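Observations on the model geometry
Each chain, written out:
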Amino acid sequence: MEPRRGRFSLTAKADRMAEIAGIAAATVTPFGPGGGEIDPNFIVAQLHMLKRGGVHGVVPVGTNGEFSSLTMEEKKQVLATVAGDRGNLFMIAGAGSSSLPETIELVSYAAGIGADAALVVPPFYFKDAVAPGIIEFYRRVLESTDLPIFIYNIPMYSGIVISDEIIDSLTVHGNLAGIKDTGGEPERTRQLVERYPELKIFGGSDSLVGDTVSIGAAGVISGVANVFPGLLRRVWDERASGGDWEGAAGEVAAVRKIFKSYPWVAATKYALKLRGLPETCVRPPLIDLMPAQKHDLEKQLSGLGLI
């Protein structure tokens, strides 16, 4: 299927933005042995699994997608493959780079293939960058496009905390759509939801999925949803219906705890093999699981009754 190209009209854009809510899988990038070539067939097969599992959207080329290990052309390859087979899933395209021109180029590419929005991490090499510099980076990205932009707050990797000062300076731009908050502090996510009702705030920490849905966030961008999309969807649906969403959230947190006890991207990829997808690898500097780790991971997930 060809990716949708061109930009939405203002009405269609507003309608599509309204649909950006719920559970989104922060998808992995499937590499061959040793972190070799990308496997587009895996991407398509996983998209089909995610649709069956009930997620609302996908976020490719993010942290789970090892974006910092991809070339520009590889990023475009992944985004185009996802755009061509996502169906009705909303798509927030990862557009991460420490380079402003590369970020603008990738955002432009995402707009051209019909992505619904882009997720932009702050420039992550200069850890001493001050707020005015971060604001200028995002201002130029926002002014380069009419594609809705989500700011990615992930200070444990970027080294940059997205402060109220930064957000306040950027809300004048109509295409600032929201924030993915992976800061690991539920109270901060709550503050963002309350302070910026005009923005869509997504939680990005599976271990805090219960806190995220309980405070009225727009949704959750989840790594665990790669493997167990139905479990994340159950949290969302139970919350909406007043059911046992806390129990479901506890199961998600338990899976996340297991994954985090291993190299977590590698664990996610091996768990996908256990769910029936082809085995795929990570790219250095990340490392794949050792045979003993694979055995233990399978045993732990089996113990939870998930495989």
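The structure under discussion appears in the preceding block.
Structure report, in brief. (Residues numbered from 1 in each chain as written. Predicted model: local features only at pLDDT ≥ 70, side-chain atom pairs only at ≥ 80, totals over all residues. Heavy atoms only, no water.)

1. Quick notes on the packing of helix H4 (residues 100-112) against helix H5 (residues 131-143)
Two numbers describe how H4 lies on H5: the axes approach to 10 Å, and their chain directions differ by 30°. One element, H4, and the other, H5, form an angle in the roughly parallel class. You can see that H4 and H5 cross each other, and the crossing is right-handed. Between H4, through Leu100, Thr103, Ile104 and Val107, and H5, the contact on the second element is made entirely by Phe137, Arg140 and Val141. Tallied by class, the residues present in the contact of H4 with H5 amount to five nonpolar, one polar and one charged. (Axes fitted to C-alpha atoms, helices over the stretch in contact; angles between N-to-C directions. Helix = DSSP H or I, 4+ residues; strand = E, 2+ residues; numbered from the N terminus. Parallel < 35°, antiparallel > 145°, perpendicular 65-115°, else oblique. Left-handed = near helix turned anticlockwise from the far one by under 90°. Contact = heavy atoms within 4.5 Å. Nonpolar A, V, L, I, M, F, W, Y, C, P; charged D, E, K, R; others polar.)

2. Considerations on helix H11 (residues 245-260)
With 16 residues, H11 extends 22 Å from end C-alpha to end C-alpha; this agrees with the ideal 22 Å at 1.5 Å per step. Taken residue by residue, H11 has Trp245, Ala248, Ala249, Val252, Val255, Arg256, Ile258 and Phe259 as its buried positions. Looking at the buried residues of H11, the elements they touch are helix H9 (209-214), helix H10 (229-241), helix H12 (264-274) and helix H13 (291-303). (Expected span 1.5 Å × (residues − 1). Buried < 20%, exposed > 50% of the residue type's maximum accessible area, 1.4 Å probe, protein only.)

3. Here's the deal with the pattern of salt bridges
For the coordinates displayed, the defined rule picks out 16 salt bridges. A cluster of three or more residues bridged by salt bridges with shared partners is formed by Glu136, Arg139, Arg140 and Glu143. (Salt bridge = Lys/Arg side-chain N within 4 Å of Asp/Glu carboxyl O.)

4. Side note on the side chain of threonine 280
Summarising the element assignment, threonine 280 is placed in the loop between H12 and H13. Using a relative accessible area of 8% as the deciding quantity, one classes threonine 280 as buried. At 2.9 Å, the side chain of threonine 280 and the backbone oxygen of phenylalanine 31 are in polar contact. (Polar contact = N/O pair within 3.5 Å; in protein donor to acceptor, adjacent residues only side chain to side chain.)

5. Describing unusual backbone geometry
Negative phi values dominate among residues other than glycine, just as trans dominates among peptide bonds. Here the amide bond leading from proline 284 into proline 285 is cis, since omega sits at 20°, within 30 degrees of zero. Tracing the backbone through its elements, the reader meets proline 285 in the loop between H12 and H13. Phi at valine 61 takes a positive value of approximately 65°, unusual for a residue other than glycine. Tracing the chain through its elements places valine 61 in the loop between strand E2 (57-58) and helix H3 (72-85). For glutamate 66, which is not a glycine, the phi torsion comes out positive at approximately 55°. Within the secondary structure layout, glutamate 66 lies in the loop between E2 and H3. For glutamate 66, a relative accessible area of 4% corresponds to the buried category.

6. Re the nonpolar core
In this structure, Met91, Phe259 and Leu297 are the most contacted members of the largest nonpolar core, which totals 104 residues. The residues contacting methionine 91, other than those within four sequence positions of it, are Val58, Pro60, Leu79, Val82, Ala83, Arg86, Ile113, Ala115, Asp116 and Ala117. (Core = buried A, V, L, I, M, F, W, Y, C linked by side-chain atoms within 4.5 Å.)

7. Concerning H10
Here H10 spans 18 Å end to end across 13 residues, near enough to the 18 Å set by a 1.5 Å rise per residue. In this structure, the buried residues of H10 make contact with strand E1 (22-25), helix H2 (40-53), H9, strand E8 (219-222) and H11. Glycine 242 sits one or two positions beyond H10 and adopts a positive phi of about 80°.

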